[in-house]
2 protein chains.
Amino acid sequence: MILKNQNEWALHCCVVLAGLPPERYLSTKALAEFHAVPKEYLSKALQSLSQAGIIEGTLGPSGGYRLARKASDITFLDVVEAVEGKSSTFACTEIRKNNPCRPAKYRDPKPCGVARVMWEADEAWRKRLRATKVSDIANALADEVPGDILEKTTAWVTAHT
Amino acid sequence: MILKNQNEWALHCCVVLAGLPPERYLSTKALAEFHAVPKEYLSKALQSLSQAGIIEGTLGPSGGYRLARKASDITFLDVVEAVEGKSSTFACTEIRKNNPCRPAKYRDPKPCGVARVMWEADEAWRKRLRATKVSDIANALADEVPGDILEKTTAWVTAHT
DNA sequence: TTGTTTAAGGACATTAAATATCCTCAAGCA
DNA sequence: TGCTTGAGGATATTTAATGTCCTTAAACAA
């Protein structure tokens, strides 16, 4: 099991969009070029984010995407669930029902014990993703990335805005 | 992202093996029949468990598998990692290196912030899996499954032993 | 000794998902 | 009018998951 690349792309795109001047948009083309990923495919991920209400797009030249709400209101889980879906990483196939000793009519009072644990693990994963916001990463970049690179990057993004 | 079926099968097999009389073995054939899953494919999962030292097999008639150590010493994570692998569910492709404003020579002092969060979420997932043992589920079954079904099941397993 | 059973594991086929590309459409804008 | 944009449908390509088949060597019973 491995998460799709879309997750990484979408998260990085949100961080970039978080650094955008207010009211400005950045196009799929620019985001794809910045991250060196295929534009058409990245577009699918951005469409998912748009549908989830995380980013919003506008048409025409000078169009593109911007965050639909404050970066501090967008968690990693929001982004990952937009791309990856909300359903659990564990799919219980009710394998216990195949026990040849079970009466066909028997109804289980509780979900399968194995599934319960796997679902709790999935929830622990989501809980951690819920705890970090896009703004946290955007802020951390300001500390971790050397000033000159950060400056050039901001200029590049603004120029493509 | 969805975990493989192998995980569910392997976990349930371990629970069944945990209920085995001491020194007895249960064959792949019996485990496959019990869970109604394809024997040849289940065999691959069991081989993974065997290689990981979770179960051990022996040959010949009356051969099969048994737990290689106490069920209370086998965590869900042990089983899932045997089947699914130990590498993180998030693969960082170092997308930040593609930033056109970055000097080619620049060396990052820390791993990518996005990756760090994703890895921590992965670790939170594993931590939860580490917290439950095969014995926990085996014990819970004794409470949750009606006595007669449990009895018949034990008889079935013992008969195939 | 011989035949049957078993796990181990290699080779391969099938199926589903991830990745990627292409095309059309309508909205925005010069 | 013509170029840009995102939205989204259709389809191709690639990779992973699922499933099957076969051979080998060990265990065991007749």
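Here's a quick rundown of the structure. Throughout, residues of each chain are indexed from 1 in the direction in which the sequence is written. Lettering of chains starts at A and numbering of ligands starts at 1, both following the order in which they are written. For a predicted model such as this one, the threshold for reporting local features is a pLDDT of at least 70, and the threshold for listing and counting side-chain atom pairs is 80 or more; totals across whole chains, interfaces and linings nevertheless cover every residue. As a rule here, side-chain values cover all heavy atoms of the structure and leave hydrogens and water aside.

Near DNA strand D, the surroundings consist of 23 residues, among which Thr28, Lys44, Ser50 and Tyr65 of chain A together with Lys4 of chain B are the closest. Residues are labelled near a given molecule or strand when at least one of their non-hydrogen atoms is within 4 Å of it. The share of sugar and phosphate among atoms of DNA strand D within 4 Å of the protein is 55%. In the environment of DNA strand D, a phosphate oxygen lies 2.9 Å from a nitrogen or oxygen atom belonging to the backbone of Thr28 of chain A. Looking at the surface near DNA strand D, the elements with two or more residues in it are helix 3 (39–51) and strand 2 (64–67) of chain A together with helix 1 (5–18) and helix 3 (39–51) of chain B. We call two N or O atoms a polar contact when they sit within 3.5 Å, provided that within protein one can donate a hydrogen and the other can accept it, with sequence-adjacent residues counted only if both atoms are side-chain atoms. Each helix corresponds to a stretch of at least 4 residues labelled H or I by DSSP, and each strand to a stretch of at least 2 residues labelled E; elements are numbered beginning at the N terminus.

Looking now at the relation of the copies chain B and chain A. A rotation about some axis, followed by a shift along it, carries one copy of the chain onto the other. Copies are brought into register by a least-squares superposition over C-alpha atoms of residues with pLDDT of at least 70 in both. By a simple turn and slide, chain B fits onto chain A: the slide is 0.0 Å along the axis, the RMSD is 0.0 Å, and the turn is 180°. Here the copies are linked by what is in effect a two-fold axis. Within chain B, Trp125 of chain B has its C-alpha nearest the rotation axis, a separation of 2.4 Å. Residue contacts follow a heavy-atom distance rule, with two residues in contact if any of their heavy atoms lie within 4.5 Å. Take the interface residues of chain B: 100% of them recur as interface residues in chain A, which is what a same-surface contact looks like.

This paragraph deals with the packing of aromatic side chains. Each pair of aromatic rings is reported with the distance of its centres and the angle of its planes. All names here are of chain A. Pairing of aromatic side chains requires ring centres within 6.5 Å, counting the rings of Phe and Tyr and the six-membered ring of Trp. Pairs whose planes differ by under 30 degrees are stacked, by over 60 edge-to-face, and all others tilted. Scanning all chains against the criterion turns up four aromatic pairs over all chains. Judged by centre distance (5.3 Å) and plane angle (55°), the rings of Phe34 and Trp156 are tilted. Placement of Phe34 in helix 2 (residues 28–35) and of Trp156 in helix 7 (residues 147–159) is noted, with a sequence separation of 122 residues between them. The same class applies to Phe34 and to Trp156, which are both buried. Categorising residues by exposure relies on relative accessible area from a 1.4 Å probe, with only protein chains included: less than 20% of the type maximum marks a residue as buried, more than 50% marks it as exposed, and the intermediate range marks it as partly exposed.

Residues and elements named next belong to chain B. With 13 residues, helix 3 should cover 18 Å at 1.5 Å per step; its first-to-last C-alpha distance of 18 Å lies within 8% of that length. Taken as a whole, helix 3 has its buried residues at Leu42, Ser43, Ala45, Leu46 and Leu49. Projected onto a plane normal to the axis of helix 3, the buried residues spread over an arc of 165° and lie on a single side. In helix 3, those exposed residues whose orientation departs by more than 90 degrees from the buried face are Glu40 and Gln51. Contacts made by the buried residues of helix 3 are with helix 1, helix 2 (28–35), strand 1 (55–58), strand 2 (64–67) and helix 4 (76–84). Downstream of helix 3 by a residue or two, Gly53 has a phi angle that is positive, lying close to 80°. Expected helix span is computed as 1.5 Å times (number of residues minus one). It is the directions from the helix axis to the C-beta atoms that the arc portrays.

Residue and element names in this part refer to chain A. Within the secondary structure layout, Thr28 lies in helix 2. When its relative accessible area of 14% is taken as the criterion, Thr28 is described as buried. Ignoring sequence-local partners within four residues, the contact set of Thr28 consists of Lys39, Leu42, Ser43, Leu46 and Tyr65.

Among the 23 residues in the neighbourhood of DNA strand C, the closest are listed as Lys4 of chain A together with Thr28, Lys44, Ser50 and Tyr65 of chain B. Close to the protein, within 4 Å, the atoms of DNA strand C are drawn from sugar and phosphate at a rate of 56%. Within the side chain of Tyr41 of chain A, an N or O atom sits 3.4 Å from a phosphate oxygen of DNA strand C. A distance of 2.9 Å is found between a phosphate oxygen of DNA strand C and a backbone nitrogen or oxygen belonging to Thr28 of chain B. Breaking the surface near DNA strand C down by element, the ones donating at least two residues are helix 1 (5–18) and helix 3 of chain A together with helix 3 and strand 2 of chain B.

What follows is about the interface of chain B and chain A. Taken together, the 53 residues of chain B in the interface contact 53 residues of chain A. Surface buried jointly by chain B and chain A totals about 4900 Å² across both partners, of which 69% is contributed by carbon and sulfur atoms. Contact with chain A buries surface across chain B, with Met1, Glu8 and Ile95 of chain B losing the most and accounting together for 15% of the total. The salt bridge definition used is simple: a Lys or Arg side-chain nitrogen within 4 Å of an Asp or Glu carboxyl oxygen. Taken together, the links from chain B to chain A amount to six salt bridges. The partner of Arg116 of chain B in a salt bridge is Glu144 of chain A, and the shortest N-O contact between them spans 2.9 Å. In this structure, the connection of chain B to chain A is made through 16 residue pairs in polar contact (both at pLDDT 80 or more). Each of two parts loses accessible area, computed with a 1.4 Å probe, when they are put together; buried area is these two losses added.

The next thing to look at is the pattern of salt bridges. Residues and elements named next belong to chain A. The tally for this structure, following the rule as stated, stands at 31 salt bridges over all chains. Here Lys86 makes a salt bridge to Glu81, at a shortest N to O gap of 3.4 Å. For Lys86, a relative accessible area of 66% translates into the label exposed. A relative accessible area of 16% places Glu81 in the buried class. For the salt bridge of Lys97 with Glu94, the shortest nitrogen-to-oxygen distance reads 3.6 Å. Taking relative accessible area as the criterion, Glu94 reaches 24% and is therefore assigned partly exposed. Connected via shared salt-bridge partners are Glu94, Arg96, Lys97, Arg102 and Asp108.

Moving on to the environment of Leu31 of chain B. Residues and elements named next belong to chain B. Of note, Leu31 is situated in helix 2. Relative accessible area serves as the criterion here: at 0%, Leu31 is assigned to the buried category. Leu31 sits 17 residues away from Cys14 along the chain, and the two C-alpha atoms are 9.9 Å apart.

None of this, on its own, says anything about what the molecule does.
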